[in-house]
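# Notes for the structure review
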Amino acid sequence: MSCVDCGSSMSSSWNYCHCVSDGNAIGSEEIEDDELFTEEETHEFESVLEKSGYAEHMNQLENTIDNYTKIQIKVAVSGSTGSGKSSLINTLRGLKANDKGAAKTGLVETTKEPTCYLFPNNQNFSLWDLPGVGSQNFPQDTYLDKVRFSDYDFIILVSSSCFTTEDAWLASEIITRFPQIKLFFIRTKIDTDLTNKEADLGRTLTYEEKVYEMKIIKDDICKNLAINGITDQNIFLVNNHKASEFEFGQFTEKIVIQVSSLKQNAFILSLDIQTAEIVPFKIKLLQKRIAKVSKQAAKAVVNIRKITTTISENDILNKEIHMYMQQLGINKQSVDKMAKMYDVSRSSNEVMKAIAFVTKRFEEKMKELKDKRETEKPSAWYSLPFIGRWMELRKYQKESYMILRNMLNACFEANKIVFNTVGQLLRR
């Protein structure tokens, strides 16, 4: 794994690059001049208020900021019966087999027709479980026409052993007929392979031995695919039940890098925080949102001085900070889900302290803001027709910006505690 900022290598899924981990990772709390309200934006704000009103304007802003949920992403998952497709789909969606809405798993064919599974926090992001090529209703000669691969952004071919002749045929056809679509090869049940090897040897494999065994498996896959003319290979070895193990994190990182720029934000913000590889991408996106959200909050402060409104500065900041907590996996729901996914206890003192730290910081910041708004007196400058409005917007944007930066830093620090704690529990 490489750092998305500096390009340096990170040795472990549970480690962060120094450029992300140091105290200045989220950046200074001071806003840059080029991120502040411009005169043109101030004129535009006043014009829009006259034409559409405050509530409609704020709704439009919110749709612009959260437009990632409006972008459709479709991913196809194909593989033979028992390959682990359904388990992989569930893990990508942050679900276990017995959770509501989870894909059915089993050793018999459970996929008779293409079946859609939506991401819990983004209904426009779907994973499609496709019947394996050569199954009763999907013979090889009509398979490509029936599954309509051209509709998908990515195609994932899943196997729990060697990729078969039919897998290789399908991959070759996809590469030839749909060269614009990224293809990934996922080899599941690596944990079972290593357990069987340990049973054969009558002892536990060392870390180095596990790495060696995985290299043998991947080299064999590469060789078999190359025989069929497939050389541009994205191959990842995973435990399809646990995102923390093997190359699951590298797999999601590779998809993020290769997804189109239009859909990249939607993909990153839709994924659960299951592996550390996704954290730098999420941080980068959340940083970019701050200038827009702080402008929205500033508009709320300025407008609320004139009329009573249902959308306040507090509402806007509250919603954004809760998004930070959800995206970085440090609210109760996220930690409960991580605990269930990794079969570790949520009662770890370090994890609970991390959540309590962020919650307390959040409450303090909101109280400080409330007290300040109740006692502050508007500057005489603000009565000036245009320059006053511009100065007022910039002042309140700076204050909102500082709060959001501070809280994103707090959430990031708590995220590191949660990941380090989970990593330690998994190594026991």
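Let us look at the structure shown here. (Residues numbered from 1 in each chain as written. Predicted model: local features only at pLDDT ≥ 70, side-chain atom pairs only at ≥ 80, totals over all residues. Heavy atoms only, no water.)

### Thoughts on the environment of K416
Checked against the element boundaries, K416 lands in helix α15 (residues 387–427). Taking the C-alpha atoms as reference points, K416 and V279, separated by 137 residues in sequence, lie 9.5 Å from one another. For K416, the side chain forms a polar contact with the side chain of E413, separated by 3.3 Å. (Helix = DSSP H or I, 4+ residues; strand = E, 2+ residues; numbered from the N terminus. Polar contact = N/O pair within 3.5 Å; in protein donor to acceptor, adjacent residues only side chain to side chain.)

### Observations concerning the pairing of strand β7 (residues 242–246)
Here 2 bridges tie strand β6 (residues 235–239) to β7, and the two strands are oriented antiparallel to one another. By the bridge assignment, V238 is partnered in β7 with F246. (Pairing = 2+ DSSP bridges.)

### Description of the nonpolar core
Grouped together as the largest cluster of nonpolar side chains are 71 residues, with contacts concentrated most on L88, I156, I186, F251, I321 and Y324. For L88, the residues in contact, after removing those within four places along its chain, are I156, V158, I186, V238, N240 and F248. Grouped together as the second largest cluster of nonpolar side chains are 29 residues, V147, L170, I235 and L237 included. (Core = buried A, V, L, I, M, F, W, Y, C linked by side-chain atoms within 4.5 Å. Buried < 20%, exposed > 50% of the residue type's maximum accessible area, 1.4 Å probe, protein only. Contact = heavy atoms within 4.5 Å.)

### Observations regarding the side chain of S86
Position of S86 among the secondary structure elements: in helix α4 (residues 85–92). In this structure S86 comes out as buried when scored by relative accessible area, which is 8%. A distance of 2.8 Å separates a polar side-chain atom of S86 from the backbone oxygen of K104.

### Some remarks on helix α12 (residues 313–327)
The terminal C-alpha atoms of α12 lie 21 Å apart, and with 15 residues this matches the ideal 21 Å at 1.5 Å per residue to within 8%. For α12, every residue scored as buried is listed here: E313, I316, L317, E320, I321, M323, Y324, M325 and Q327. (Expected span 1.5 Å × (residues − 1).)

### Focus on the sheet that holds β6
Taken in spatial order, the 7 strands of this open sheet run β2-β3-β1-β4-β5-β6-β7, and their pairing is mixed. If you trace the sheet from one side to the other, it starts and ends with β2 (115–119) and β7, each paired once. Averaged over all adjacent pairs, the angle separating strand axes in this sheet is 35°, with direction ignored. Pairing between β2 and strand β3 (residues 122–130): 5 bridges, direction antiparallel. Along β3, the bridge assignment pairs Y117 with L127. Sitting on the sheet, helix α6 (residues 165–177) touches β1 (73–79), β4 (154–159) and β5 (182–187), and the angle it makes with β4 is about 170°. (Axes fitted to C-alpha atoms, helices over the stretch in contact; angles between N-to-C directions.)

### Some words on the environment of I71
With respect to the element layout, I71 can be found in the loop between α3 (54–65) and β1. C-alpha separation for the pair I71 and F125, spaced 54 residues apart in sequence, amounts to 7.9 Å. When sequence neighbours within four positions are dropped, the list of residues in contact with I71 reads N124, L262, K263 and A266.

### A closer look at the pattern of salt bridges
Scanning all chains against the criterion turns up 14 salt bridges. Notably, a salt bridge pairs K295 with E41, separated by 2.8 Å at the nearest N-O pair. Here K295 is found in helix α11 (residues 279–304), whereas its partner E41 is found in helix α2 (residues 39–52), with 254 residues between them in sequence. Classification of K295 by relative accessible area gives buried; the value is 16%. You can call E41 partly exposed: its relative accessible area is 25%. (Salt bridge = Lys/Arg side-chain N within 4 Å of Asp/Glu carboxyl O.)

### Digging into unusual backbone geometry
Most of the time, phi is negative for any residue but glycine, and the peptide bond is trans. Phi is positive for R148, close to 50°, though the residue is something other than glycine. Along the chain, R148 turns up in the loop between α5 (140–147) and β4. Even without a glycine there, the phi angle at K189 is positive, about 60°. Inspection of the secondary structure assignment puts K189 in the loop between β5 and α7 (190–201).

That's the geometry; what it means functionally is another story.
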